[in-house]
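# What the coordinates show
So you can see what is in the structure, the chains are spelled out below.
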There are 2 protein chains.
Amino acid sequence: MFSSAFRRYLPVFDWGRNYNKDSFSNDMIAAVIVTIMLIPQSLAYALLAGLPPEMGLYASILPIILYAIFGTSRALAVGPVAVVSLMTAAAIGQIAESGTAGYAIAALTLAMLSGGILLLMGVFKLGFLANFLSHPVIAGFITASGVLIASSQLKHILGVDAKGHTLVEIVVSIFEHLGEVNLATLLIGVSATLFLFWVRKGMKPMLLEMGLKPRLADVLTKAGPVGAVVVTTAVVWIFGLDQSGVKIVGSVPQSLPPLTMPSFSSELIGALFVPALLISIIGFVESVSVAQTLAAKKRQRIDPDQELIGLGAANIGAAFTGGYPVTGGFARSVVNFDAGAETPAAGAYTAVGLAIAAVSLTPLIFFLPKATLAATIIVAVLSLVDFSILKHSWSYSKSDFSAVAATILLTLGFGVETGVSAGVILSIGLYLYKTSRPHIAEVGLVPGTEHFRNINRHEVLTSPQLLTIRIDESLYFANARFLEDYIYDRAVDDDCLKHVVLQCSAVNEVDFSALESLEAINHRLQDAGIQLHLSEVKGPVMDRLQRSHFLDELSGRVFLSQYQAQEELASVCTRQTAQAPA
Amino acid sequence: MFSSAFRRYLPVFDWGRNYNKDSFSNDMIAAVIVTIMLIPQSLAYALLAGLPPEMGLYASILPIILYAIFGTSRALAVGPVAVVSLMTAAAIGQIAESGTAGYAIAALTLAMLSGGILLLMGVFKLGFLANFLSHPVIAGFITASGVLIASSQLKHILGVDAKGHTLVEIVVSIFEHLGEVNLATLLIGVSATLFLFWVRKGMKPMLLEMGLKPRLADVLTKAGPVGAVVVTTAVVWIFGLDQSGVKIVGSVPQSLPPLTMPSFSSELIGALFVPALLISIIGFVESVSVAQTLAAKKRQRIDPDQELIGLGAANIGAAFTGGYPVTGGFARSVVNFDAGAETPAAGAYTAVGLAIAAVSLTPLIFFLPKATLAATIIVAVLSLVDFSILKHSWSYSKSDFSAVAATILLTLGFGVETGVSAGVILSIGLYLYKTSRPHIAEVGLVPGTEHFRNINRHEVLTSPQLLTIRIDESLYFANARFLEDYIYDRAVDDDCLKHVVLQCSAVNEVDFSALESLEAINHRLQDAGIQLHLSEVKGPVMDRLQRSHFLDELSGRVFLSQYQAQEELASVCTRQTAQAPA
């Protein structure tokens, strides 16, 4: 009992026992590659979140270790990611001015809240809540966030001051400051961006052509951003470009992650709760889908509820060691996986690498231009932008399309929180709306078979005394009255009608409201001299109906099959419907 | 075109053209009976809403006439009702102190907002939104409101000052003031209550026994509350009990409904918007269910969207003529119907009767004790209280039960707005939760038939190479990942498995998220050397799948029937499952 609970909450004891030299060397190599990639990325995402660069490094150290202990994915790399950094900026930007102490404390508090929410969700096994973020909403949100992030970084490329959490605000603000563009910054920014795009697309093929081994070509490609950092830093230092207005990172404390204290002010917690909830859920969804994709490739499984605990621990760790909200990132996890990481220990070695960087390398980035970091972000996030979801969802389903379109437009127009909330609410609302007006078909017998089909689509046999209705939805409160209205409209003025059969083959549930509607239909039809019958009622639905008085009061019968109902109820004079007129 | 729009929005032209002498005399008799009943009731409900008594009368005059013009029910009587009066008190009690001018203006504004919301819902045909209030939630809410209302009136019976919008607040407040009980008030209140209960239960049988005609017995019974009003007023006047602390109605202006102006302050409108929305929806639901019940008895139909317009017009009328939010009441409508009202003109005659009362009778109620009005309310609302919904929903469905129980507890504990909102959110949440973890059965062939049944419930034939899964739910974003997990758990470690068939007979929809999950399942199974097939896919679902690439990529086939799939896929060595172990 103790041991199983222990292993549920501490997966480290699962893989730790079989750890050997091979695993160590594989993990070590992966850690070196990931560390090289993470140094510029962590600095850059901190910039995106409006925080001092070292907070990006700190957010990648203890959280990685905590995730290695509590998480279930063997390849997931936890740390700052683009979308969560943007959401962090949006959330705390409403509370304090970037650069102030209050802003940094709000970031710590947000991480603590987010960690607490994730932990609670894990303990209460609420991971399923993430399922209410539909795929199209996530895709739309990620795409719109990518656009927002890229445009928010333009100011660093141009070397101007600009603000805003929505696309319009950002664009307007950049236009207002267009006169202040700094040419040296622009040059560095544009060159770095072009270089990084080339690193992504053209560098590896070139290196392979030059005869390098694929593994080495890979490592060099991953080191591309570091190259950009080194070169642009050197250029700024040598030519003293910081004197010409190129904004640099400046002095960064040379230290291990400090012990920090988030705020426990109830006012701040109240203001940050909803953003923290959204960040938790979005971060969890991003993290779990990466982890599942990677686990599937090795036929491993992850446990989503334990993932919540792993991510929760990581965020709480971030809150107390100078970080900000973190999650499992796509790019870094894929790199970790491709580099051969075997166990979460690779993450721990990465943490050590980043700790060394935080202690020893920070003086070297004094002259690092912010434009280079912005270029890193832009190149990273533009790979997230994919508007094809609009086209695909349009051709498949208009309601999915409207959820995507609303998510994209509202994210761009009103910011990340509004966008994702509206997407979730709209997709749930559309689902409820659809189920509230279910497809109901009047069916008849296909001649020579025992099959029943829609009379408007097929040539079928019907009888004037018998009306058979197939409801293609579970019956519940939202559609109970719809069914009542449908039957009254159809049945009440039909003088020949003697029997109404509800074919329930697609009815997976009948709730209490629907039960009352069925009772009302039964009485109303009975008053009109019409019997109500059911056919093909599913086992669980029947079990439940038997616990009510409905079956005692039912004027007609319950038939096992619709064919049986037709056989017994239809008069001899069945008539044949014409092929569908409409 | 013009004429049809005209008749859609003005049903009065429908029934008005055929109005004749018979209809007139029937409507007139009904109007007299209803007027007698409404005078004390209107005064009482105004007291419940914390408003001056005349506002109850005013709220029954113009609104009735406007509903007669725009509404579709022939028997519905519109005016102040108990639950809406309680909700009004709860909403405006947070804004102003009862008895102040601000309080009355807030009531007018609430009526205007509520009318506006109802009109807009009618114009945009949003009547279906009311369907999201499930029957159990409504039943629980009405019962809890009845308890709240009755307990809120106890202070008038006891003659003490007490406050509160929740059961605990009310009870505590009454206990705190228990030392101040006024004996004369208590005597009047208790006698009036007992008398009115007797009028409900025992008076009509007694009158009939005494040989009165049923019609006359009916009218006298309806006049019971008027009797209580006359007698207790006389007692207070004769014995000068108002000097002994019996609270009386006091001076009421002797006038037709005045022209009044609601406030257009955006602050007030902002504060009242959500309460107005809840009042609109609750009032609409109450009104429509009464109207539908009565219409059904005469095989008439009502149009819910036009009802919204009728009720909206009535509320706007109330806002400008000194009233407060109104809706179609159960008691008054049933009395109107039973008394033989044939057309909405009966309502107009009632309005005339009440206008005469407002002009001529108000001086007579100067000495009317508030305790008598409270007794009228208590007796009326206790008939709404019915806790049996708890028992019925418990035996039928635990999730319906929890929605009812939460609605009742939260209404009693935190007031009407919290209660009904929580009920709606919980019932939608539970529905979504259930559909997010659908019933999935592994099925096999019932020997000697073409039917497939759950292998855990029936003795069926299966094959080790073939796994058939029946999903009893539409596939959408909330359950897409659940299905993925189920299939991976079941299929991934099964080395014999060659084919997985999804039997889709109960799948009414496959949304974009579910489509992506199906694609993922297909690829994942393909990687494991397993083919994925579908069977019994419904027409509309198939139409949609054909618009995606899924069917091109599907490793297996789509079978028209599950039997066909079994025939073609199962190896010769089928095995027979034992009868269900669990």
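Residues numbered from 1 in each chain as written. Chains lettered and ligands numbered in written order. Predicted model: local features only at pLDDT ≥ 70, side-chain atom pairs only at ≥ 80, totals over all residues. Heavy atoms only, no water.

### Structural notes on the interface of chain B and chain A
Opposite the 60 residues of chain B that make contact, chain A presents 60 residues. Across the chain B to chain A interface the summed buried area is about 5,600 Å²; carbon plus sulfur atoms make up 54%. Between chain B and chain A we count four salt bridges in total. One salt bridge in this structure joins Glu-509 of chain B and Lys-434 of chain A, with 3.0 Å as the shortest N-O distance. (Contact = heavy atoms within 4.5 Å. Buried area = accessible area lost by both parts, 1.4 Å probe. Salt bridge = Lys/Arg side-chain N within 4 Å of Asp/Glu carboxyl O.)

### Structural notes on the UniProt feature "domain: STAS" (unreviewed entry) in chain A
Residues given the UniProt feature "domain: STAS" (unreviewed entry) here are residues 456-569 of chain A. Secondary structure within residues 456-569 of chain A divides into 44% helix and 18% strand; the distance between the first and last C-alpha atoms comes to 22 Å. (UniProt positions renumbered as here; feature names shortened; annotations may be inferred. Helix = DSSP H or I, 4+ residues; strand = E, 2+ residues; numbered from the N terminus.)

### Quick look at the pairing of strand E6 (residues 466-471) of chain A
All names here are of chain A. Of all six residues making up E6, six are buried, and the element is well covered by its neighbours. Of the strand pairs in this sheet, strand E3 (residues 440-445) and E6 are connected by three bridges, and their pairing is antiparallel. Within E6, the residue paired with Ala-441 across the bridge is Arg-470. Here E6 runs beside strand E7 (residues 499-503); their pairing, made up of five bridges, is parallel. (Buried < 20%, exposed > 50% of the residue type's maximum accessible area, 1.4 Å probe, protein only. Pairing = 2+ DSSP bridges.)

### Observations concerning the pattern of salt bridges
Within the structure shown, the criterion is met by 16 salt bridges over all chains. Glu-568 of chain A serves as the salt-bridge partner of Arg-557 of chain A, at 2.6 Å between the closest nitrogen and oxygen. Note that Arg-557 of chain A is positioned in the loop between helix H24 (550-553) and strand E9 (558-559) and Glu-568 of chain A in helix H25 (residues 562-569), a separation of eleven residues in sequence. By relative accessible area, Arg-557 of chain A is classed as partly exposed at 41%. Two residues, Glu-509 of chain B and Arg-544 of chain B, come together in a salt bridge whose shortest N-O distance is 3.5 Å. With Glu-509 of chain B in the loop between strand E7 (499-503) and helix H22 (512-527) and Arg-544 of chain B in helix H23 (residues 539-545), the pair connects residues that are 35 residues apart, well separated along the chain. Owing to a relative accessible area of 13%, Glu-509 of chain B belongs among the buried residues under this scheme. For Arg-544 of chain B, a relative accessible area of 22% puts it in the partly exposed group. Via salt bridges that share partners, Lys-434 of chain A together with Glu-509 and Arg-544 of chain B belong to a single interconnected network.

### Describing the domain arrangement of chain A
Residues and elements named next belong to chain A. Under the domain assignment, chain A is made up of domain 1 (22-386), domain 2 (400-436) and domain 3 (440-576). Put simply, the middle of domain 1 and the middle of domain 2, counted by C-alpha atoms, are 26 Å apart. Every contact between the two is made by 22 residues of domain 1 and, on the other side, 18 residues of domain 2. Summing the contributions of domain 1 and of domain 2, the shared interface buries around 1,600 Å²; its carbon and sulfur component is 79%. Our count for the domain 1 to domain 2 interface comes out at zero salt bridges. Where domain 1 touches domain 2, the interface holds one residue pair in polar contact (both at pLDDT 80 or more). Of all the elements in the fold, those that place two or more residues in the side of domain 1 that touches domain 2 are helix H6 (82-93), helix H8 (135-158), helix H9 (167-176) and helix H13 (266-297). With eight residues, H8 is the single largest residue contributor to the side of domain 1 that touches domain 2. Class assignment of the residues belonging to the side of domain 1 that touches domain 2 gives a composition of 17 nonpolar, five polar and no charged. (Domains from an automatic or database assignment. Polar contact = N/O pair within 3.5 Å; in protein donor to acceptor, adjacent residues only side chain to side chain. Nonpolar A, V, L, I, M, F, W, Y, C, P; charged D, E, K, R; others polar.)

### Topic: the pairing of strand E8 (residues 531-535) of chain B
It is a general feature of regular strands that their side chains alternate between the two faces of the sheet. Residue and element names in this part refer to chain B. With four of its five residues buried, E8 lies for the most part within the structure. Summarising the sheet, E7 and E8 pair through five bridges and their orientation is parallel. Bridge assignment links Val-501 to a residue of E8, and that residue is His-533. Here E8 runs beside strand E9 (residues 558-559); their pairing, made up of two bridges, is parallel. In the sheet register, Leu-534 faces E9, and the bridge partner there is Val-558.

### Observations concerning helix H18 (residues 388-396) of chain B
The α-helix winds at 3.6 residues per turn, so residues separated by three or four positions along the chain end up facing the same way. For H18 of chain B, the set of buried residues is Ile-389, Ser-393 and Tyr-396 of chain B. Buried residues in H18 of chain B, looked at end-on, bunch into an arc of 65°, giving them a common side. The elements touched by buried residues of H18 of chain B are helix H22 (512-527) and helix H23 (539-545) of chain A together with helix H8 (135-158) and helix H19 (398-414) of chain B. (Arc of directions from axis to C-beta.)

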